[in-house]
Amino acid sequence: MNFRLSVVTLSLLSAISYAAPANEKTLDTIVVTGGGDRSVYDTAQPVSVLDTDDIHKNAGDNLGTLLESLPGVANASFGAGVGRPVIRGMSGSRVKILQNGTDTSDLSAMSSDHSPMAEPSAGEQIEIVYGPSTLLYGGGAIGGVVNVIDSRIHEMIVPGVHGQVSAKASTIDSGEHIEALLDAGRGNWNLHLDGFSRDAGNYQSGSNGNIPDGNNSGEIDNSDTSGSGGAVGLSWADGQTRFIGGSVSTLEYDYGVPNIDGESFRVAPEQIRYDLKAAWTPVTGFIEEWRGELTFNDYEHAETGHRNDDESAPFVDIGLFDKETWEFVTRIKHAEIAGWHGHAGIQYSQQDLKLCHDHGGCDGIPSFTGNWDGAIGFNLENAERNGDLYAHDTPMPLTETKQTGVFLVEHRDTSYGSLELGARIDQVVISSDPESIDPVWRQSSEYYDDYTFMPVTLSAATTWLLDDYQRIGLSLARAQRAPEAPELFWNGDHHATFAFQLDNPDLDVETAHTLDLNWIWHSEQNKIRIAAYHYRFSDYIYNALQDNTDPYHSNDVYRHEQEDARFTGAEASWSHALTDTFTLDLGADMVRATLANGDDLPRTPPASLLVGLDWEFSQWQARAEARAVAEQSNTAENEDTSDGFMLLNASVGYQFVLADSELNISLDAHNLTDEYAVNHVSYLKRAAPLPGRDVRLGIRWTF
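Model, not experiment: these values are computed from the prediction.

Student: Quick question: what am I supposed to make of the state of the cysteines here?
Tutor: As used in these notes, a disulfide is a covalent bond between sulfur atoms, one from each of two cysteines. As enumerated under the stated definition, the model contains 1 disulfide in all. For Cys356, the disulfide goes to Cys362, at an S-S distance of 2.2 Å. One quick way to see it: the torsion about the S-S bond of Cys356 and Cys362 is about -85°, and its sign makes the bridge left-handed. One exposure class covers both Cys356 and Cys362, and it is buried.

Here is the structure:
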């Protein structure tokens, strides 16, 4: 991976060496994804937005830890190396993770040990989008969309040269993190460089409170992490009507997987991403804006363990995943038609997934190209247990998923507020080829027939303006999601999760009917949002823990099942300016997720409450907060309850204003009381408790 390291090094050195005095930094105009060219206040389902300062103030190194303090968001952590957002109790493919509006094209929705390939340190803004506007970015995002926005492809002319360099250090894991970016413009041309590198050792859990028998505590073995990445972007813009640009970015992580048995397993994902974007804004005519985006992602990750499970044997790649994705989207923003404004477009993607599983080590993706009579394999036929077939080879065939979507999202202002309508239809075709599976472990030939799904999503939302300060929003939707290839075909070990996954080729489209009601009050002193929602699913797909173990390793067995389900919850946030220098923040959420028969769904986030007090005076900023998480006793069959906990955090920062730049120094303390706590949403809650007391020192120079 010398190319990746070279990009990181180049970006860091360039930003430092190019630090000439510059004018005040002017960012490209960033349009809120969920609102088009409207304000967050005007949309029926408000968009949660974190800006650059919010990102740097938060000590989280991944998306999950960065966003988990927001009402309605939890973190599906998998040790220190993985954090994937869970929104309103929904995870996996129901929460799409995007980079600048296009899919990150990783495998994080497939399994909890796979890290999202969206690096928050490079982001200028992170949005969480609900409602009709999610239809612009793909079908099936019933929970919502998380969009990480960066400035790698500038859409406007960059004035002069500006950038930043920052570094952080943490005590709990001897962690070090450095990042830098540089933006420069000359004439109509714009250049962007960014890079980061971080390393952290094993972390320590908290030591105070109840530590359940059998849980890990103290130093958590195999919890070290590292990561690096960088990007180069170049664009041409006339500053008024058009731009075109491209970027190449690289990202790689390497992290351990904590476990109760102390076994050494690691996951090492890496990705190269190519982006090409263009937009044109005609001066007159029906089309107000045309936009096109083409993305290619080359993703690979290895899961590493000891050869043939022998602790004395060398490390080998016992699992290898290779995924290539093309995505193209084109959309127009049209002129007003009978009071309506909106976007229409077409989106196409193709995903090719190949993988290997071999206890002796994977040198590449296997290929068995000899004659095969199409009959079920001898070994698989003799691996039947209680009606299920347990494979012990490459766990799924080569798959190709083609998805074509057509969408329309419209809005209009009314005498009482606004009205939004959205529609999307997708054709999803999943093809498979058992070439990578040894014939003695194959299913019969008809098992590998193509699947075609046609999910359709319709949504409507409206707002009522009560006065100059407050409004009510209502959103209704009928949303569908097609099952994905791993949900249909995976049959085999997943060593990093210490589990066995059974296939379910009978899965069909799931359908959700959703209702969301929210109230917003914005005034000079108060910002309040209260939301209540109810999602009613037909044929909800969930990964159910079975009541037996697999015949090869005696690990837990899971299968994706379909049953009707219900999600009901509420969120609230309140920011109140007590004085010119003090601001009080309150946030709370709760969700109840059950099957139609009343059984609770697994890993549902418990209720939480956040109380924070901010102080700002001159160049000083400080914050103290308490985050309380309730006990989760509404558990699924075969699932343990989780104790509640409270974490106390504090931070202080100072901003030095220099001639043409500024320097920010911050000191953050997390879990001041060193509380022992577990994350109920995590598959590894017993093996990887939350970190204990941690102090972080950060410095950021912006020029």
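On we go.
Student: Just checking my understanding: could you explain the sheet that holds strand E4 (residues 95-99) for this structure?
Tutor: In sheet architecture, strand pairing relies on hydrogen bonds along the backbone and comes in two forms, parallel and antiparallel. Read from one edge of the open sheet, 5 strands run E1-E6-E7-E4-E5, paired in mixed fashion. Among the strands making up the open sheet, the edge pair consists of strand E1 (48-51) and strand E5 (102-103). With 2 bridges joining them, E4 and E5 adopt antiparallel strand pairing. Each residue of the ladder has a partner; that of Gln99, found in E5, is Thr102.

Student: Just to check I follow, could you spell out a nonpolar patch on the surface for this structure?
Tutor: Together, Trp620, Val652, Phe656, Leu658, Ile665, Leu667, Val695, Leu697 and Ile699 line one region of the surface with nonpolar side chains, adding up to about 720 Å² of accessible area. For the nonpolar patch, the elements supplying multiple residues, two or more each, are strand E32 (645-657), strand E33 (662-670) and strand E34 (694-702). Sort the elements by how many residues they give to the nonpolar patch and E34 lands first, with 3 residues. Looking at the secondary structure, you find Val652 in strand E32.

Student: How do you make sense of the packing of aromatic side chains when you look at a structure like this?
Tutor: A ring pair, where both rings are aromatic, is described by two values, the distance of the centres and the angle of the planes. Scanning the model with the defined rule gives 24 aromatic pairs in all. On the numbers, 5.5 Å between centres and 65° between planes, the contact of Phe537 with Phe567 is edge-to-face. With Phe537 in strand E27 (residues 526-549) and Phe567 in strand E28 (residues 556-577), the pair connects residues that are 30 residues apart, well separated along the chain. Pair check on accessibility: Phe537 and Phe567 agree, each one buried. Considering the side-chain rings of Tyr558 and Tyr683, the 5.9 Å spacing of their centres and the 70° angle between planes classify their relative orientation as edge-to-face.

About the cut-offs
- Residues numbered from 1 in each chain as written.
- Predicted model: local features only at pLDDT ≥ 70, side-chain atom pairs only at ≥ 80, totals over all residues.
- Heavy atoms only, no water.
- Disulfide = S-S within 2.5 Å.
- Buried < 20%, exposed > 50% of the residue type's maximum accessible area, 1.4 Å probe, protein only.
- Pairing = 2+ DSSP bridges.
- Helix = DSSP H or I, 4+ residues; strand = E, 2+ residues; numbered from the N terminus.
- Patch = residues over 30% accessible without salt bridge, like charges linked within 9 Å, V, L, I, M, F, W, Y side chains within 5 Å.
- Areas by Shrake-Rupley, 256 points an atom, 1.4 Å probe, with all protein chains shown as cover.
- Salt bridge = Lys/Arg side-chain N within 4 Å of Asp/Glu carboxyl O.
- Phe/Tyr/Trp six-rings, centres within 6.5 Å; stacked < 30°, edge-to-face > 60°.

Keep in mind that these numbers describe shape and distance, not what the molecule does.
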